[in-house]
Amino acid sequence: MPIGAAAQRFMRSMPAPNSTVLLGGMIVLFIGTFVWLTWLTHARFGTFGFDLGIFDQGVWLLSRFQNPFVTIRGLPLFGDHGSYILLLVAPLYWIWADPRLLLLLQAVCLAIPAVSVYLIGNRRLGSPLAGLAMAAAYLAFPALQWAAVWHFHPETLAAAFLGLAALAADRQRWRQMAVWLVLALLCKEDVGLVVAGFGALLWTTGHRSVGRRTLAAGLGWFLLAALVLIPLANGRTSPHLELNYGITGSGLSTVVQAVPTLANNVWTNVADGKGDTYLLLIFTPFLALPLVDPRWLLPVAPPILLNLAATHGYQVEIRYQYLATAAPFLALAAIAGLHALTKQRAALAVVLVVLVAVAGYVDREVGPAPWSKDFPRPVDGPVNEARRQALGRIDPAAPVSAQYNLVPHLAHRTHIYEYPNPFAAANWGFPDDQHQSADAERIRYVVVERPLLGEQEAALLDRLRGQPQWRTLMDRQGIVLLERIGH
């Protein structure tokens, strides 16, 4: 039998029901793995106030109909980012108020686009097996997996809505697409740029009217949220442009005038920084197929370019959440590239095998999964027992200043701070924000880990322990718990 004919028979050999079962198995494996890993990490004190504690406290306050001023962050919940989707998440806290709920939602929403990738891949490549291979490459994408394990961020929820919007657009169900895009926009202000890029993609691929409207809606939402709604929540302009991109000022004119600066930042990061490695880790798992048809990079370009334009280094890494909204479109762009390059079934089969093999290899080398080389499995031991003992002695509603890795276990209260806040302002609010004296005076408990303290933080702890109004309830395994007397 000729090789081409054999490949065609192989591609057609798996009926759709079996493909559906395999797809479901992959999704269940992804969700189960990363829910288990994140829950275990949380149980063993590997989650931090930034960012799981921030969103847990904010959602808890919303669910209790309280003012969502997040004392961990020092800003209103919607004064840092436009993550209004949390208004829809908050009622779930009436059923189960627990940060693990956020981690579960995150894993599920990151997995959902695999369904869209499978269905679109099946239709465009003409084979359920091809759809399965593309879904597998998507779920193995290391940046996606890192987004699943790096605490919680609302933009990860947008991945599900963007994937479903792409599927609706593929079927030309425009009203359904609009609903999914609205939900995506509610996840964070800069999702608007991804939606605008998606609109540009639709415009350039033959859906001119709906593409223009989508582009305008995405760009309009980004400008409204970033320049109006977020400053309105704070009662002042946001310094995010300066903090993240080195741009002084605010407003639309500032953003426009800063384009050369942003472009220079991108070039500097690629030429002299980690940008080249970053791009390699983005495109290699998909065999650079997204680059075949540049139109499909339009939804992907905003998050990638903004990450490359950042003046701090952590955005130019895959080990955070910054590619969560790009991941579904990278997989879809790879499908478009495959469709353009492989007209023969035999060639398609070979490329799919290589794609899955490379995706799996890269995942093993740089991913966070249990099957990855540097799997960051959280450990347990006597220190964790001491941590649990200290937490068990703290009043459930009392104001607390706590070590960053203890904060997510104490966030369901109106006043919870990351030590040394509120005794000293550190990584709190906007630059130069200071605490009121009443903030420190209301604190009833201080719980810290001496080995994790810097010199100034340790000196502050010693001063507190030397004051008569504070007594030491516990000092074990480096865990120090203080209580204010007479509170």
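None of the values given here were measured: they were computed from a predicted structure. (Residues numbered from 1 in each chain as written. Predicted model: local features only at pLDDT ≥ 70, side-chain atom pairs only at ≥ 80, totals over all residues. Heavy atoms only, no water.)

A. Quick look at the sheet that holds strand E5 (residues 445-449). If you trace the five strands from one edge of the open sheet to the other, you get E4-E3-E5-E7-E6, paired in mixed fashion. The sheet terminates laterally at strand E4 (416-418) and strand E6 (470-476), the two strands that pair on one side only. Direction aside, the axes of adjacent strands within the sheet are offset by 15° on average. Most of the contacts of helix H21 (residues 382-392) go to E6, to which it runs at about 150°, and overall it touches E5, E6 and strand E7 (479-484). (Pairing = 2+ DSSP bridges. Helix = DSSP H or I, 4+ residues; strand = E, 2+ residues; numbered from the N terminus. Axes fitted to C-alpha atoms, helices over the stretch in contact; angles between N-to-C directions. Contact = heavy atoms within 4.5 Å.)

B. Seen up close, empty space enclosed by the protein. Tallying each qualifying case throughout the model produces one cavity of 30 Å³ or more. Of the volumes computed, that of the largest cavity is approximately 60 Å³. Looking at the largest cavity, the residues that line it are Ile54, Phe55, Val70, Arg73, Leu75, Pro76, Leu77, Asp80, His81 and Ser83. Elements with a contribution of two residues or more to the lining of the largest cavity: helix H3 (49-63), strand E2 (75-76) and helix H4 (77-80). (1 Å grid on protein atoms, 1.4 Å probe; cavity = no way out; pocket = protein on both sides within 12 Å on 5 of 7 lines; lining within 4 Å. Points joined across faces, edges and corners; volume = space filled by probe spheres on them.)

C. Expanded view of a nonpolar patch on the surface. There is a patch of nonpolar side chains on the surface, built from Phe65, Leu92, Trp94 and Ile95 and spanning about 530 Å² of accessible area. According to the relative accessible area criterion, Trp94 is exposed, its value standing at 56%. (Patch = residues over 30% accessible without salt bridge, like charges linked within 9 Å, V, L, I, M, F, W, Y side chains within 5 Å. Areas by Shrake-Rupley, 256 points an atom, 1.4 Å probe, with all protein chains shown as cover. Salt bridge = Lys/Arg side-chain N within 4 Å of Asp/Glu carboxyl O. Buried < 20%, exposed > 50% of the residue type's maximum accessible area, 1.4 Å probe, protein only.)

D. Representation of the packing of aromatic side chains within the structure. Counted under the stated rule, the structure contains 16 aromatic pairs. Consider the rings of Trp36 and Phe375, whose centres lie 6.3 Å apart with planes at 25°: the pair is stacked. With a gap of 339 residues between them, Trp36 in helix H2 (residues 16-43) and Phe375 in the loop between helix H20 (345-366) and H21 connect regions that are remote in the sequence. Taking 5.7 Å as the distance between ring centres and 70° as the angle between the ring planes, the aromatic pair formed by Trp39 and Trp96 counts as edge-to-face. One end of the pair, Trp39, is in helix H2; the other, Trp96, is in the loop between helix H5 (86-89) and helix H6 (99-111), with 57 residues separating them in the sequence. Among the residues examined, Trp39 registers a relative accessible area of 27% and is labelled partly exposed. (Phe/Tyr/Trp six-rings, centres within 6.5 Å; stacked < 30°, edge-to-face > 60°.)

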